[in-house]
Amino acid sequence: MSKILYIKANIKKEGESKTFRISDHFVEVYKKSHPQDEVITLDLYKEAIGFLRPEDLEALYGPKDGVNRNHRVLKYAYQFAEADKYIIAAPMWNLSFPAILKAYLDYISVTGITFKYTHEGAVGLLEHQKAVYIVTRGGAYTDSPYEMGVRYLRTLLGFFGVQAFETIELDNMNRSGTDIEKRMEEALKRAAKMAETF
Ligand SMILES: Cc1cc2nc3c(=O)[nH]c(=O)nc-3n(C[C@H](O)[C@H](O)[C@H](O)COP(=O)(O)O)c2cc1C
């Protein structure tokens, strides 16, 4: 049995997010094709995610012997490290993703949990995990040098040891004259296909 963490970052009301339309479909198909797996949904706006605070530093750099498992920050890092697969869904905001996702990434970037320091430098601890990032955008940024969301997630997860990183990217959702629904249908099909073997 695998543990899946479905990480959602968006402020839109239920049913209004184009990104979640794709990611929810991905998760639905995933659940059907992997009935034995456990999917945990982490909707960041419903969680107590904030900026790191001065009093968090001690826990971030302190011993990771399990005593701090329920610490308000470390509990997210432990949860992340204990999952096998990540489905991350967030729209493009200002060339990357909503800041709450960056705040969450600060919570889970914890030495001794997701990576560790050695004499040779930092080493990721999550090399058996895999991830998919699902994103929609108003404009066209796939493979653009201005795009920093995919690049940041791929790099940070790679730093944690997660080399298996895939994306579903849907551009031009705000451009008039583009056949949005047709491209959405194609993305849903792509998502379903990927979910079956994820
Ligand atoms: C605060 C904010 C910032 C945005 N920044 C960008 C951007 O930098 N580039 C872009 O292509 N679209 C940008 N968009 C548009 C969204 O990425 C686009 O509408 C996306 O499809 C929204 O997905 P959603 O329906 O899941 O929220 C932005 C939207 C918002 C609300």
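Residues numbered from 1 in each chain as written. Predicted model: local features only at pLDDT ≥ 70, side-chain atom pairs only at ≥ 80, totals over all residues. Heavy atoms only, no water.

Going by what an unreviewed UniProt entry lists, the chain is known as FMN dependent NADH:quinone oxidoreductase and is assigned to Zhenhengia yiwuensis. Word for word, the UniProt comment on the chain under Sequence similarities (unreviewed entry) is "Belongs to the azoreductase type 1 family." The record held by UniProt for the chain lists under Subunit (unreviewed entry) the comment "Homodimer." (UniProt positions renumbered as here; feature names shortened; annotations may be inferred.)

A. Region of interest: the site of the ligand. By nearness alone, 18 residues border the ligand, and Lys-12, Ser-17, Thr-19, Met-92 and Thr-136 come closest of all. With respect to the ligand, the side chain of Lys-12 contributes an N or O atom lying 2.7 Å from an oxygen atom. In isolation the ligand offers 640 Å² of accessible surface; the protein chains occlude 77% of this area. Broken down by class, the residue content of the shell around the ligand amounts to 6 nonpolar, 8 polar and 4 charged. (Near = heavy atom within 4 Å. Polar contact = N/O pair within 3.5 Å; in protein donor to acceptor, adjacent residues only side chain to side chain. Areas by Shrake-Rupley, 256 points an atom, 1.4 Å probe, with all protein chains shown as cover. Nonpolar A, V, L, I, M, F, W, Y, C, P; charged D, E, K, R; others polar.)

B. Fine view of the pattern of salt bridges. This model, assessed by the stated rule, comprises 13 salt bridges. Between Asp-106 and Lys-102 there is a salt bridge; the shortest N-O distance is 2.8 Å. Of this pair, Asp-106 and Lys-102 both sit in helix H4 (residues 99-108), separated by 4 residues, roughly a single helical turn. Residue Arg-137 pairs with Asp-171 through a salt bridge whose shortest N-O separation is 2.8 Å. One end of the pair, Arg-137, is in the loop between strand S6 (130-136) and helix H5 (149-159); the other, Asp-171, is in the loop between strand S7 (164-170) and helix H6 (180-197), and 34 residues separate them in sequence. When sorted by exposure, Arg-137 lands in the same class as Asp-171, which is buried. (Salt bridge = Lys/Arg side-chain N within 4 Å of Asp/Glu carboxyl O. Helix = DSSP H or I, 4+ residues; strand = E, 2+ residues; numbered from the N terminus. Buried < 20%, exposed > 50% of the residue type's maximum accessible area, 1.4 Å probe, protein only.)

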